[in-house]
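Close look at the chain arrangement
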Amino acid sequence: MENDLPRRREAEGLSQGELAEVVGVTRQTINAIERDRYDPSLDLAFKLAAHFECHIEDIFQPEETD
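Quick summary incoming for the structure in this document. Keep in mind that this is a model prediction, so the values were computed, not measured. (Residues numbered from 1 in each chain as written. Predicted model: local features only at pLDDT ≥ 70, side-chain atom pairs only at ≥ 80, totals over all residues. Heavy atoms only, no water.)

1. So, a negative patch on the surface
Together, Glu-2, Asp-36, Asp-39, Glu-63 and Glu-64 line one region of the surface with negative charge. Within the secondary structure layout, Glu-63 lies in the segment after strand 2 (60-61). (Patch = residues over 30% accessible without salt bridge, like charges linked within 9 Å, V, L, I, M, F, W, Y side chains within 5 Å. Areas by Shrake-Rupley, 256 points an atom, 1.4 Å probe, with all protein chains shown as cover. Salt bridge = Lys/Arg side-chain N within 4 Å of Asp/Glu carboxyl O. Lys, Arg positive; Asp, Glu negative; His and termini not counted. Charge placed at Lys NZ, Arg CZ, Asp CG, Glu CD. Helix = DSSP H or I, 4+ residues; strand = E, 2+ residues; numbered from the N terminus.)

Shown next as structure tokens:
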């Protein structure tokens, strides 16, 4: 799943650790999501969307397949 998390986080001037603290996960979790190594749970996706005041699909998009 592709995501727009790094751009949104950096636009707010947050470190991975700061964002992680806000949504209740570890910095490693945010890092893994940003590097497309981990897809967040639905609960975490909702928390991230609420933090950035947007829809989940504004942050996360399914990868296009042929």
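The discussion continues.
2. Section: the pattern of salt bridges
Taken as a whole and assessed by the stated rule, the structure comprises 5 salt bridges. For Asp-4, the salt bridge identified is with Arg-7, shortest N-O distance 2.7 Å. As a salt-bridge pair, Arg-9 and Glu-10 come within 3.7 Å of each other at their nearest N and O atoms. Given the relative accessible area of 54%, Glu-10 is considered exposed. Through salt bridges with shared partners, a single network forms among Asp-4, Arg-7 and Arg-8. (Buried < 20%, exposed > 50% of the residue type's maximum accessible area, 1.4 Å probe, protein only.)

3. Thoughts on the packing of helix 2 (residues 16-23) against helix 4 (residues 42-52)
Relative to each other, helix 2 and helix 4 sit at 110 degrees, their axes nearing to 10 Å. In terms of orientation, helix 2 lies roughly perpendicular with respect to helix 4. Note on element contacts: helix 4 touches helix 2 through Leu-44, Lys-47, Leu-48, His-51 and Phe-52, opposite Leu-19, Val-22 and Val-23. Classifying every residue of the contact of helix 2 with helix 4 by side-chain character gives 6 nonpolar, 1 polar and 1 charged. (Axes fitted to C-alpha atoms, helices over the stretch in contact; angles between N-to-C directions. Parallel < 35°, antiparallel > 145°, perpendicular 65-115°, else oblique. Contact = heavy atoms within 4.5 Å. Nonpolar A, V, L, I, M, F, W, Y, C, P; charged D, E, K, R; others polar.)

4. Focus on helix 2
Among the residues making up helix 2, those that are buried are Gln-16, Leu-19, Ala-20 and Val-23. Projection of helix 2 onto a plane perpendicular to its axis shows the buried side chains occupying an angular sector of 105 degrees, all on one side. Buried residues along helix 2 sit against helix 1 (5-11), helix 3 (27-34) and helix 4. (Arc of directions from axis to C-beta.)

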